[in-house]
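# Structural characterization, general
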Amino acid sequence: MDKTPRCFLTNLSTKKTLELPHLASVIIGRNRQTNIKDLSVSREQILCTSNVEEYKVILKSVGKLRSGCNGLALTKNRIYTIGHKDVIELRLGDHRFEVNFEPAPTVVFTTKEATSSSNTPPPKKPKADYTNDDNTIRQNQPSNTMGIWEEIGNKELLIFTTNDCEARNKIASFDIDGTIIRTKSGARFPKDPDDWTLHYGNIKSQLSKLNKQGYKLVFFTNQSGVGSDHSRIKDFKRKIENILKSLGLPIQVFIALSKGNYRKPRIGMWNILVQRKNEGVEIDFEKSFFVGDAAGREKNWAPKKGKDHSTADRLFALNIGIKFYTPEEYFLQQKPAKYKMPEFDPRLDTSHLTYPDLTYDKLNVILMVGGQGSGKTFFVKEMLLPKGYVHVSRDLLGSWKKCVQVMEENLKKNKNVVIDNTNGDKESRQRFIQAAKKFNADVRCFIMDTSLAQMRHNNKFRELTDNTHTIVSDIVIFSYRKNYQEPENEEGYAQILKIPFISKFTDKDLEKVYKTFLLE
């Protein structure tokens, strides 16, 4: 009696298998089944249905990220048919799973005619495909033959790799402007793409020495000013090629054009190096280092020296976990200068903090007070809604009048209410205090004890990790502080409490992002 065929997906990295039962739809993505933890991969990335009788697997890409098969990009929501030994890529070129039938078919189905059910064309090759996907790579040959240009996403990240650049376990990395080069004109900003010269006379010899010592030379630079303008990008690419020509060394260059996850001090560029651009060679963090001029030094850190424009380079190295040097320290052997760290340190442990006792006998209204990103809503959902409080929020209801109306309706029913608005001034708070008094309810004021610096960090974290969340600008945050009026007992409170911000995460990857410096 013939053995009934079975279909498996084999993770080509871990060799672990996942069975695809006959005609059963299985969704693969960032989940326990695949053990994929890459945050860019959706939890529901590809829908797979096997037909073991015909030795075929039906694919449908449903996630936000661009997926692939056999190195070709899959178009979202189109249906493809593949077969034995074909390779599914959850992220185009990465997280690869091979289709295997047991027993193997005697005639192997080929994917060259794989199309959708609506006669749509087959997937295009990655280099001919261009989308807004964060991880789609497009390769371009430069005007010369010294290396390869690549674009990731909607021109958010450019990568240039010289032809002789090879993977190594030690990384010697550098910022470009103010570190490797300076303006030839002496101006603060370059006047044109040719306005540059090597910063110090020993730059080339020092880099050559590192190359001979077994280091891979890598440049990381923020260039949001170049933006997405085609002509400016073309000029900047030419500038990079000319810089590398003058150095004559194997070098890989990462250029962040946007203000998202790739921009220093955030470590998106480094992650691409580690995960995709070092040929799988494990990096020795202890021996690797980064050199940059954005080091947080105050004015007159050296005679007649101005303040550093940011702390991005120092924080970039700190986030990665590698040594940091300023150009003066590394190339000129100067002693380290004093510098100033950001006010808020996201690495601080908050596990020792606790919330106050929130048990009350009388009908109760709680007024939350805090700016955007102070943690009000998290606290409300974590501590008050489980106790039966009715959640009243202007974000949900649209106007303060509607908030007062809903509060009164619930107080009539003898239900406790929490007002989850910013409530930063006395006038906005009095609307609720006066209305609550009509029902003889106690009004308690809970002030989020969150610094302005932490609010900025929290908002940047939400912006980077949750694309459904409205972006909150620094203007809004600073405006809240400017107009803030400290709550006082005379306003009519039964109690005023300060609530600590306690960060809690169920997703370890998100926690890791939160505990890095995100602001420059």
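Residue positions are given per chain, counting from 1 as you read along its sequence in written order. Residues qualify for local features only when their pLDDT is at least 70, as the model is predicted, and side-chain atom pairs are given and counted only at 80 or more; totals for whole chains, interfaces and linings, by contrast, use all residues. In computing side-chain values, all of the structure's heavy atoms are included and hydrogens and water are not.

### Remarks on the confidence of the model for the chain
Put simply, the rule is: The pLDDT score gives, residue by residue, the confidence of the prediction method on a 0 to 100 scale. Residues are treated as being in contact if the distance between any of their heavy atoms lies within 4.5 Å.
Here the chain shows a mean pLDDT of 88. Residues at 70 or above account for 92%. Contacts of residues 110-137 to residues separated by more than four positions or lying in other chains number 69 contacts, the stretch itself having pLDDT below 50.

### Comments concerning the sheet that holds strand 24 (residues 442-449)
Backbone hydrogen bonds hold the strands of a sheet together, and the pairing may be parallel or antiparallel. Applicable threshold: Pairing between two strands is assigned when DSSP locates at least 2 bridges connecting them. Helix and strand assignments follow DSSP, with helices taken as H or I runs no shorter than four residues and strands as E runs no shorter than two, numbered in order from the N terminus. Here, axes are lines fitted to C-alpha atoms. For helices the fit covers the stretch in contact, and angles between N-to-C directions go from 0 to 180 degrees.
The strand order across the open sheet built from 5 strands is 22-23-21-24-25, with neighbouring strands paired in parallel fashion. Single-partner strands in this sheet number two, and they are strand 22 (390-392) and strand 25 (495-500). With direction set aside, neighbouring strand axes in the sheet form an average angle of 25°. As paired strands, strand 21 (residues 364-369) and strand 24 are joined by 6 bridges and run parallel to one another. Residue pairing for strand 24: Met368 is matched across the bridge by Phe446. Sheet strands touched by helix 6 (residues 376-384): strand 21, strand 22, strand 23 (417-419), strand 24 and strand 25. Its angle to strand 21, the strand with the most contacts, is close to 150°.

### A closer look at the pairing of strand 5 (residues 56-61)
If a strand is regular, its side chains alternate between the two faces of the sheet. Basically, it comes down to this: Throughout, exposure labels follow a simple rule: accessible area from a 1.4 Å probe, protein chains only, divided by the maximum for the residue type, with under 20% read as buried, over 50% as exposed, and the rest as partly exposed.
Burial along strand 5 is one-sided: the residues Val57, Leu59 and Ser61 are buried and none of Lys56, Ile58 and Lys60 is. As paired strands, strand 4 (residues 46-51) and strand 5 are joined by 6 bridges and run antiparallel to one another. The partner of Ile46 across the bridge, within strand 5, is Ser61. Sheet topology places strand 5 next to strand 8 (residues 79-82); 4 bridges connect them, and they run antiparallel. Each residue of the ladder has a partner; that of Lys60, found in strand 8, is Ile79.

### Remarks on the environment of Phe97
Within the secondary structure, Phe97 sits in strand 10 (residues 94-102). In the structure, Phe97 is positioned 161 residues away from Ser258 in sequence and 32 Å away in space, judged by C-alpha atoms. Setting aside anything within four residues of it in sequence, one finds Phe97 in contact with Leu9, Thr10, Asn11, Thr34, Ile36, Asp86, Val87, Ile88 and Leu90.

### Things to note about the pattern of salt bridges
For clarity, the threshold we go by: Between Lys or Arg on one side and Asp or Glu on the other, a salt bridge is scored when a side-chain nitrogen of the former is within 4 Å of a carboxyl oxygen of the latter.
This structure, assessed with the given rule, holds 28 salt bridges. Put simply, Arg444 and Asp442 hold a salt bridge, and the shortest N to O gap is 3.5 Å. Each member of the pair, Arg444 as well as Asp442, carries the same accessibility label: buried. One network of salt bridges, with partners in common, ties together Arg30, Arg43 and Asp507.

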